[in-house]
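Residue-level structure breakdown
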Amino acid sequence: MNAKKAKPRTISEYIDAAPTQAQEKLRQMRACIRAAVPGAQESLKWSMPAFSDRRILVMFAGFKHHIGFYPTPSAVRAFAKDLTGFKTAKGSIQFPLDRPLPLALVRKITAFRARESNEKDRKWRT
């Protein structure tokens, strides 16, 4: 009988448990997002790395063949022209492991989500 793997409790543990071929790109994603929103809180949401500032801004996850990036549907719509070379869904983007990560785009999308979140907060405070 195999012992169950312990669920990761931090982003570092998540990355260490991810498929080997995804680990370096996951580290790059984390650093890129952290640089774009330095005050955001890191946590795991739905067992995926997440960055939050009063609400979830973005999440990401490692898979065998791609990195999943989850910036919400509004961000995917706003950057649709920039994402034409990637597989997308309503609120997600897939970055293939065999290509370099578009870190400048990840940074722009993350900054967009931070601005969007702040605007929503201001709207509710007035």
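Here, the structure is the one placed above.
Residues numbered from 1 in each chain as written. Predicted model: local features only at pLDDT ≥ 70, side-chain atom pairs only at ≥ 80, totals over all residues. Heavy atoms only, no water.

**Concerning the environment of Met 29**
Of note, Met 29 is situated in helix 2 (residues 20-36). Judged by relative accessible area, Met 29 falls into the buried class, the value being 0%. In this structure the C-alpha to C-alpha distance between Met 29 and Asp 82, which are 53 residues apart in sequence, comes to 18 Å. Apart from the residues within four sequence positions on either side, Met 29 is in contact with Phe 60, Ile 67, Phe 69, Phe 95, Leu 101 and Val 106. (Helix = DSSP H or I, 4+ residues; strand = E, 2+ residues; numbered from the N terminus. Buried < 20%, exposed > 50% of the residue type's maximum accessible area, 1.4 Å probe, protein only. Contact = heavy atoms within 4.5 Å.)

**Comments concerning the pairing of strand 3 (residues 56-62)**
For strand 3, a buried count of six out of seven residues is recorded, marking the element as mostly surrounded by other parts of the structure. When strand 2 (residues 48-52) meets strand 3, the two strands line up antiparallel, connected through three bridges. Of the residues in strand 3, the one forming a bridge with Ala 50 is Met 59. Where strand 2 folds back on strand 3, the antiparallel hairpin that results is connected by three residues, among which Arg 54 adopts a positive phi of roughly 70 degrees. With four bridges connecting them, strand 3 and strand 4 (residues 66-70) associate as antiparallel partners. Counted as the bridge partner of Ala 61 is Gly 68 from strand 4. Counting the residues in the hairpin turn of strand 3 and strand 4 gives three residues. (Pairing = 2+ DSSP bridges.)

**Things to note about the side chain of Glu 116**
Relative to the helices and strands, Glu 116 is located in helix 4 (residues 103-125). Residue classification places Glu 116 among the buried residues on the basis of a relative accessible area of 14%. In terms of polar contacts, Glu 116 uses its side chain to reach the side chain of Ser 74, at 2.7 Å. In contact with Glu 116, not counting residues within four places along its chain, are Thr 72 and Ser 74. (Polar contact = N/O pair within 3.5 Å; in protein donor to acceptor, adjacent residues only side chain to side chain.)

**Description of the pattern of salt bridges**
Scanning the entire structure with this criterion turns up seven salt bridges. Here Arg 9 makes a salt bridge to Glu 13, at a shortest N to O gap of 3.6 Å. You can call Arg 9 exposed: its relative accessible area is 69%. Taken together, the salt bridges that share partners define one network made up of Asp 16, Glu 24 and Arg 27. (Salt bridge = Lys/Arg side-chain N within 4 Å of Asp/Glu carboxyl O.)

**Let's talk about the sheet that holds strand 4**
Note on sheets: strands pair through backbone hydrogen bonds, and any given pair is parallel or antiparallel. If you walk across this open sheet you meet the six strands as 1-2-3-4-6-5, and the pairing is antiparallel. At either margin of the open sheet sits one strand with a lone partner, and together these are strand 1 (41-45) and strand 5 (87-88). Relative to strand 6 (residues 93-96), strand 4 is paired through four bridges, and the arrangement is antiparallel. Across the sheet, His 66 pairs through a bridge with Pro 96, a residue of strand 6. Against the sheet, helix 2 engages strand 1, strand 2, strand 3, strand 4 and strand 6, with an angle of about 170 degrees to strand 3. (Axes fitted to C-alpha atoms, helices over the stretch in contact; angles between N-to-C directions.)

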